[in-house]
Structure formats: structure tokens, C-alpha cells
Amino acid sequence: MAAGVAAWLPFARAAAIGWMPVANLPMPVAPTEKNKRQDELIILNVSGRRFETWRNTLDRFPDTLLGSSEKEFFYNEETKEYFFDRDPDVFRNVLNFYRTGKLHYPRYECISSYEEELAFFGIISEIIGDCCYEEFKDRKRENAERLMDDQEDNKDAKLPNMTFRETMWRAFENPHTSTMALVFYYVTGFFIAVSVITNVVETVPCGSSPNQKEVPCGVRYTVAFFCMDTACVMIFTVEYLMRLFAAPSRYRFMRSVMSIIDVVAILPYYIGLVMTDNEDVSGAFVTLRVFRVFRIFKFSRHSQGLRILGYTLKSCASELGFLLFSLTMAIIIFATVMFYAEKGSSSSKFTSIPASFWYTIVTMTTLGYGDMVPKTIAGKIFGSICSLSGVLVIALPVPVIVSNFSRIYHQNQRADKRRAQKVQKARLARIRISKEGSSNAFLHSKRNGLFNEALEFTQLPYKMNLSNQSSTEEEQRLTKSTSLLESQHHHLLHCLEKTTNHEFVDEQYYQQSYLEAGLQNYPSRSPSLSSQDGVTGTCCTRRSKKHHTPLPNASGPAHMQPLTHAHTHQQGLQELSTIHIQPLTTSRSSLNMRVDEPASMNCQSSQITTAIISIPTPPVTTPEGDAHLPAGPIHQNVVKVSAL
Amino acid sequence: MGIQGMELFAIGVVIILFMAVLKQFGILEPMSSFEDNSDSDLELSTVRHQPEGLDQLQAQTKFTRKELQSLYRGFKNECPSGLVDEETFKTIYSQFFPQGDATTYAHFLFNAFDIDRNGSIRFEDFVIGLSVLLRGSVTEKLNWAFNLYDINKDGYITKEEMLAIMKSIYDMMGRYTYPCVRDEAPSEHVEKFFQKMDKNRDGVVTIEEFIETCQKDENIMNSMQLFENVI
């Protein structure tokens, strides 16, 4: 039922009295409203801007936030209004939806912020009225494409254990990844250019001896050109074979446009080699040489713009088709008319309608060679109409193609700019600094906190005697530097440390320990993964001195490594961690599960191994001072590397 | 011959193009003037209607001021021009009965509300009708129902009128009912109605017969009180 029609429900119910005398059965009891309120105004305070509306208006859509009892969560008792800490500008549209039943999308609004507001207020975006729906969908698609581009950039990261074949393929596809690839890229580009230039120069007439007529250079320096050609073709062949070898799906590669161009570029040479001695097909052999010009298309691997052009033409296929169709129609019409108009005049070049086609095309594209001209008056009139209409017919579909090209080109430009190393690096660096800031704050406060704890421990027996003031002074000094929010956050991280019996350290220390262990460096996991890995401890972790089964998770330093890639390195870790006798599967959950059972087993085992990631023993954190030593027994993490 | 034909044709084309150009400059008026006249007629018909003042409506109906305000707000929201024509009325009413076809019954309802029979319901008609239905005495309500059934407003309900009303009510049920609506159901229902109401068996039901019978029937009296608290 539409929203506005809800206002007519009382009327419909009242009109039901018309059925009563006719009915034979008793009517059901009418539902009564429990707290029947008079319609009242409610105030919605959205970030300071007050909106007022009738309660009934909001009740029209009971499955949204404002229409249901969910809004009671936002009710402010003192001011008797509903307070929402959201964008008031977008809220205007949301409220108008209740009032008119139609949701509008303003053009100036950012699509993602609008969608977030809709999601918050429980309104599905499909309800957007027809007037604004097209715009909304377009913007949403654009945004999705942009996000996809972003994700694709991240996928470019190198996986450590790629096979040789995969590295080669990646080198071919993205020349920027390694110097070898770049060299290869430029070498092939150079040879393509050389080959094309050779083909061109071959036909230029070289200086000739006076007794002979001019001969093209190709004939004069046959051997030189042949060697050049051979060299180029050899390079191209090698390149093609290497690509074929490296391609992940050879069949798909062979069907791709670029590989077909490659084949067409080098095939004439081989065919020529085979056929040189046969006189009959030498004509065909000459024709084959034409195909050598396809080598120039190989440049499209090197030129982004060329690829975009090709993609644009492909995507504008319908407009191009329309252009072609309308041109053909116009050509036939005008050619027929011109033919009959010029039929009477003597020595007319318009001998047949197909002959007039040439005139029509030349006229419509405003070329006007002048080899065919109408002589009669009628012919001239129709000829002028033909040229005017030609301009129109050609000019109409062109802007569509141009706008398509422009859109695709700009999208690519954006993607390129973002992919540019500098920008990415700067952005990453900024994000890392901001993350490090917060984690460093934690470390800092932790040291101070531990310092505090240590103080407490040492002072515990004397706490009665010592003046409380000194300890509280310490506390005050330390707590002054951290706000309540920060201290709560730190407390949380501290709890996590206790839970996993690992500590957070900073990056340098971690790298140090890594290098000491003499093992490869892995990219670490994202913090979210690590926090999930936290297991509540095994049987012998807490107070045991010797045995410890730390978990091969990266709870510690993962916090320190910002902007990690989402891959896990279970395989790598397992080479080190030999906690479990049997080989582990790579799922995280299995790691979490298994720790509990064999834990008891491992307690007895005298050897311990650890993933390198686990954290440092107290002595190593001595830079912070002796305060740590008392804390030593509590955190017992063993860093040892051994093999089972 | 052929050549001259072509030349004539060429001249014809030139003249047509010339006229097209002239039309652009607005020099050729007579062609375009015919279309404009018809447009102006349409403008006049969409007129806004303002209702009588709140006080007068309060005097005429049994609603309180607040109730009238609330009713008007809903009314104006749906029909900004202040008038409901039959098509809009049918559309609105049909939305309450999605399964069936409520247009016929809506037509009868429209005629019952449109007291002055001018083809559109104003807010006053709407409110007066509702006042009777919701706040009127039982007699007034029965009068209203009789008025609804009496399609030609001649004071008698004939079997044909009743059959039309009954069919329209059954139409609102739609096809998917349990048990299925048989084709004879409306006429059987009409027979039952006439047996109950038509005391003197003259084939028509007068207003006195109607009110008398209804007042004796307990079910009907109870159901009349059903919608008291709708507003």
C-alpha cells in the first residue's frame, strides 16, 4: 500500500459500513488502539538542525528506522526530541521521502555518503523515484568501477613463491615490475620500430646509376634489408614463443588479439622463406609483404592510448554500426538521384549508379576531389543537398564515440596516476605513520604502565609505610599524558597481551630478532587476522619457565606492520613452528583448535620451538630500563629457533 | 522527358526546403497556429478548490477541530488541487483491495459521497459523509447505506440495483477465495437480502422497510457501532 494512501484508510474503513446491512454474519471485533494519541508533532534534531513533522508522517513506513520503535533509542529525555548525529543535508531528502512517498537523489551529493545515510535510516535505495533513479544508478556504477580499479592495484603485489613461469608472465604483462622486464619491453619496442622503418625505406627509390632507372632501396641493398628483416623476425619469434610458454592459459592466449597480430606479423617472412624459389606464386609473395605492416599493431602493447582507442571502438560498436548504416542509406539515395539527374547530359561521368557511389561518398565527406562533377542544374541542386546532408549524417554519431573515448581515457588516466609508484608510496607512508603513532603511544604507555606495575610490585610490602603521595604522584604524572580514551584502549591491548601471553613490540626490534634468527622475512599479517588467532593460552604457558608453546601467530608485531597484505603465511610459519608433531593444515582455525590438545603433549617434550614471530624475552627490552626485570617472570616468551 | 521530370522534382524539393527555413523564422504562421488553441482549453480545467472555513465545517459536522485538521491534511496530501475526481477515487480505493477489482464499488461509493453530483468530491462532501458514517446516529448511518444501495436515488432499492451492488462487493474479493466464489453467489445473496428486507413482497425495498428490518437485526446493529473510533 502506498504511503500517502494510508491517510485514506480511515475513510475506507468508514465506508465499510456500506457492507453491513448486506452481511449475513457477525463482523469481527475491530482492533483498538491502546494509547490513542492525537496526532502530534515530533522534533527530529539532526546535528543541530531541527526538523519537525507529524508522528503519523513517520509511521507511514514502519520498516524504517524513523517509522519503527527503533527511533526510541535516539530519544533525548531532557530536550524531548530525537537526536541523530548525521548529515542534516541528506536527512532533508530522507524526511521528504516520508512526506511525499518519493525518495529523490540530489546530484551534488556524494553517492557513498548518500548510501550510508540511507542504510542508517533503513531505507532501501531501490525506492528512489524514477526522476532520479538513472542518475543514481550511473553514479553508483562509476563508483563501483573506481573501487574496482583500486582493488586491482593492490592485487599487483608480488607473491613470493611464484613459479618461474608466473614471474615471466607477470614480467610480460607489467614491465615495471623488474628491470629485466623493462629492458625486454624497450628492446621489443625498438625492434618493432626498426622493422616498420625498414619496410618503409625499402620502397624508397635510392640513388641510381645514370644508365638505369630509379630502383628502390630494397632492390639495391637486398642483402642488408634481408638481414634486418631476419633479425627482427627472429626477435619477434622468440618473444612470441616466450609469451606462449609463460601464458597461464595457452589456449586463451593463442586466441587473444595480440597474439594473432604477432603471428600475422611474422608469418609472411616464413612463408617467403619457403616460397622464394617458386616463380608462379611470386605475385602472391609480394602481396604477403603487405601483411608485414601489421607489425605496427604490436605497438599497442607499448601504448596505452592505442589500447584505449581500440577498446573505445569496440565499446562504441553500436554507434559505429548506426553511422555506417545511415551513411549507406544516404549514399544509395543520393547516388540514385544523381545518376538519373545526370543521365541526360553528354559525356557524363555518372555512367551507372555504382559509379555515382564514388561521387556521393566524396561529396558527403566533403572531400570533393572534382573528378566527377554534375553538369545539369538538377544535378547541381541535388549535389549541394547531398554535401549538406553528408555533414549532418557524419557529425551526429561522432560525439557519442568521442564522449565514450573520453570517459574511458580519463578512467585509465586515473588508474595510472594511482598506480604511479610515488603517489602510492607517499599515501602508504602517511597511513603508516598515523598507525604507528597510535601503536607507539601504546608501547610508550605500556612501558610507563609496567613501570607503574613494577613500582607497585616492589613497593607492595612497603605500601603502607611509604607515603601514598609519592606513588600517586607517579601515577598522576603518567596518567596525565594519556586521556581516558587512550587509557581504555591501552588497557584493552594490555588485556590482549595477557591473553595471548605475548607482548607488543615495535618494528625495529622485531626485525632485529628476525635477522638474528637468520631467516627470511615475511610480510606479516593484518592485525585483524592476528587478533582472531589469539588463543587463551595453553596449559603450560602461564607460569612455566622452560616450556612454552607459543602460537605461531603474529599478534605482536602484526600490530606494528601497517598496511599489510591479506595473505597468510602459514606455510612459511610451519617450517619453523614445530609445536605440533604432525603437519598442520594451513587453516587458521585448525591452528587454533589443535593447540589445546597437544599442548599437554608438548608440555612434556623438552624441546621447544617457536615461530620467529613470538616475542622477545625481557632481557632484550632492557633499553627501557631495569623496570622490566621484575616483569620478567610474568611474560615468559622463549625465542629460540630449532628444528625438530 | 526524364530530364525535365528530374528538374521539376528538384524544384519541388527546393521549395519544400525553403518553406522549412521560413517556418523557422516564424514567418509562416498559419500552419502552427491551429495547435496552440487546443492547449489553452486544458489549462482552465485544473482549478484549485478551497474548502469552507474550519468553523463552518465544524458546525456542519460532528468532528472536532483537530480531527478536521488531521483529515484535511491527509486529503490535501493526496489531492493537492482540493478535488477528487472519480478516477483518482477509484485508484485510491483500489489500493486497499489488491486482490480484487474495487472499481465498481468505488464508483457507487463515489456517487454516495458526491452529494451534488458534479463529478468530483470536495473536502466538504468528504467530511460530511465521514461525519455521518463515524459520528452519526444509527438511523443516519442506515440512511446513508440506503442511499448507497439506491443507485438512481429514487427512494426504492430494486433487485437489479441490489444485484449490481452485490456483484461489485464480490468483485472486490477477487479470484483467489476459499471457497471459490460461484457465479450464482451474488444473486443468491440478493434473494436472501430481499427475503429479509422486503416485507410486503412488492419487489422493491423502501427506506422504511429497510430501517425497520435493520433495527430488528442484532448483528447489523452491532456492526454499525464497529467503526466508531476510526479517527
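Quick caveat: nothing in here was measured; it's all calculated off a predicted structure.

(A) Just the overall build of chain A, in detail. Helix and strand counts for chain A come out as 26 helices and four strands. A total of 644 residues make up chain A; the buried ones form 37% of that total. Expressed as a percentage of contacts within chain A between residues at least 6 apart in sequence, the contacts between residues at least 24 apart total 66%. Of the roughly 37,700 Å² that chain A leaves accessible, carbon and sulfur atoms contribute 62%.

(B) Structural context of the packing of helix H4 (residues 65-78) of chain B against helix H7 (residues 123-135) of chain B. Residue and element names in this part refer to chain B. The contact between H4 and H7 brings their axes to 11 Å, and the two run at 130°. One way to sum up the angle between H4 and H7 is to call them oblique. Between H4 and H7 lies a crossing whose hand is right-handed. Here H4 contributes Glu67, Leu68, Leu71, Tyr72 and Phe75 to the contact with H7, which in turn contributes Phe123, Phe126, Val127, Leu130 and Arg135. Broken down by class, the residue content of the contact of H4 with H7 amounts to eight nonpolar, no polar and two charged.

(C) The arrangement of the confidence of the model for chain A in detail. All names here are of chain A. Averaged over every residue, the pLDDT of chain A is 72; the share at 70 or more is 61%. pLDDT under 50 marks residues 459-471. Its contacts with residues more than four places away, or in other chains, come to three contacts. Low pLDDT, under 50, characterises residues 477-481; the predicted model gives this stretch two contacts beyond four residues in sequence or across chains.

(D) Just the packing of aromatic side chains, in detail. Per the counting criterion, the structure on display carries 43 aromatic pairs over all chains. Centre to centre, the rings of Phe190(A) and Phe191(A) are 5.5 Å apart; their planes meet at 75°, and the pair counts as edge-to-face. Aromatic side chains Tyr269(A) and Tyr270(A) sit 5.6 Å apart centroid to centroid with 80° between the ring planes, which places their arrangement in the edge-to-face category. The exposure class of Tyr269(A) is buried, given its relative accessible area of 10%. One aromatic cluster is present, built from ring pairs that chain together Trp19(A), Phe89(B), Tyr93(B), Phe97(B), Tyr105(B) and Phe110(B). Of note, Arg73(B) hangs over the ring of Trp54(A), and the distance from its end group to the ring centre comes to 3.5 Å.

(E) View of the side chain of Thr61(B). Residue and element names in this part refer to chain B. The residue Thr61 is located in the loop between helix H3 (54-60) and H4 in this model. Looking at Thr61, its side chain comes within polar contact range of the main-chain nitrogen of Phe63, at 3.5 Å. Beyond its immediate chain neighbours, meaning those up to four positions away, Thr61 contacts Leu68, Val127, Ile128 and Ser131.

(F) Broad picture of the nonpolar core. Formed by 61 residues in total, the largest nonpolar core has its most connected members in Trp8(A), Tyr93(B), Leu109(B), Phe126(B), Tyr149(B), Met162(B) and Phe210(B). Once you skip the residues sitting within four places of it in the chain, Phe210(B) turns out to touch Pro21(A), Leu142(B), Ala145(B), Phe146(B), Tyr149(B), Phe193(B), Met197(B) and Val205(B). Leu44(A), Val46(A), Phe121(A) and Ile123(A) belong to the second largest nonpolar core, which has 26 residues in total.

(G) Structural context of the interface of chain B and chain A. If you look at the interface, chain B gives 54 residues, while chain A gives 43 residues. Buried surface at the junction of chain B and chain A, summed over both partners, amounts to about 4,100 Å²; 72% is from carbon and sulfur atoms. Joining chain B to chain A, the criterion identifies zero salt bridges. Joining chain B to chain A, the criterion identifies two residue pairs in polar contact (both at pLDDT 80 or more). Of all the elements, helix H1 (residues 2-24) of chain B adds the most residues to the side of chain B that touches chain A, at eight residues. Split into classes, the residues belonging to the side of chain B that touches chain A amount to 40 nonpolar, seven polar and seven charged.

(H) Structural detail: the pairing of strand E4 (residues 81-84) of chain A. Inspection of the sheet shows strand E1 (residues 41-46) of chain A paired to E4(A) by three bridges, in the parallel sense. Residue pairing in the sheet places Val46(A) in a bridge with Phe84(A) of E4(A).

(I) Representation of the UniProt feature "domain: EF-hand" (unreviewed entry) in chain B within the structure. Residue and element names in this part refer to chain B. When the UniProt feature table is mapped to this numbering, "domain: EF-hand" (unreviewed entry) covers residues 101-136, 137-172 and 185-220. Secondary structure over residues 101-136 splits into 67% helix and 8% strand, and the C-alpha atoms at its two ends are 29 Å apart. Taken end to end, residues 137-172 is 72% helix and 8% strand, and its first and last C-alpha atoms sit 28 Å apart.

Definitions and cut-offs
- Residues numbered from 1 in each chain as written.
- Chains lettered and ligands numbered in written order.
- Predicted model: local features only at pLDDT ≥ 70, side-chain atom pairs only at ≥ 80, totals over all residues.
- Heavy atoms only, no water.
- Helix = DSSP H or I, 4+ residues; strand = E, 2+ residues; numbered from the N terminus.
- Buried < 20%, exposed > 50% of the residue type's maximum accessible area, 1.4 Å probe, protein only.
- Contact = heavy atoms within 4.5 Å.
- Areas by Shrake-Rupley, 256 points an atom, 1.4 Å probe, with all protein chains shown as cover.
- Axes fitted to C-alpha atoms, helices over the stretch in contact; angles between N-to-C directions.
- Parallel < 35°, antiparallel > 145°, perpendicular 65-115°, else oblique.
- Left-handed = near helix turned anticlockwise from the far one by under 90°.
- Nonpolar A, V, L, I, M, F, W, Y, C, P; charged D, E, K, R; others polar.
- pLDDT = per-residue confidence, 0-100.
- Phe/Tyr/Trp six-rings, centres within 6.5 Å; stacked < 30°, edge-to-face > 60°.
- Lys NZ or Arg CZ within 6 Å of the ring centre and 35° of its normal.
- Polar contact = N/O pair within 3.5 Å; in protein donor to acceptor, adjacent residues only side chain to side chain.
- Core = buried A, V, L, I, M, F, W, Y, C linked by side-chain atoms within 4.5 Å.
- Buried area = accessible area lost by both parts, 1.4 Å probe.
- Salt bridge = Lys/Arg side-chain N within 4 Å of Asp/Glu carboxyl O.
- Pairing = 2+ DSSP bridges.
- UniProt positions renumbered as here; feature names shortened; annotations may be inferred.

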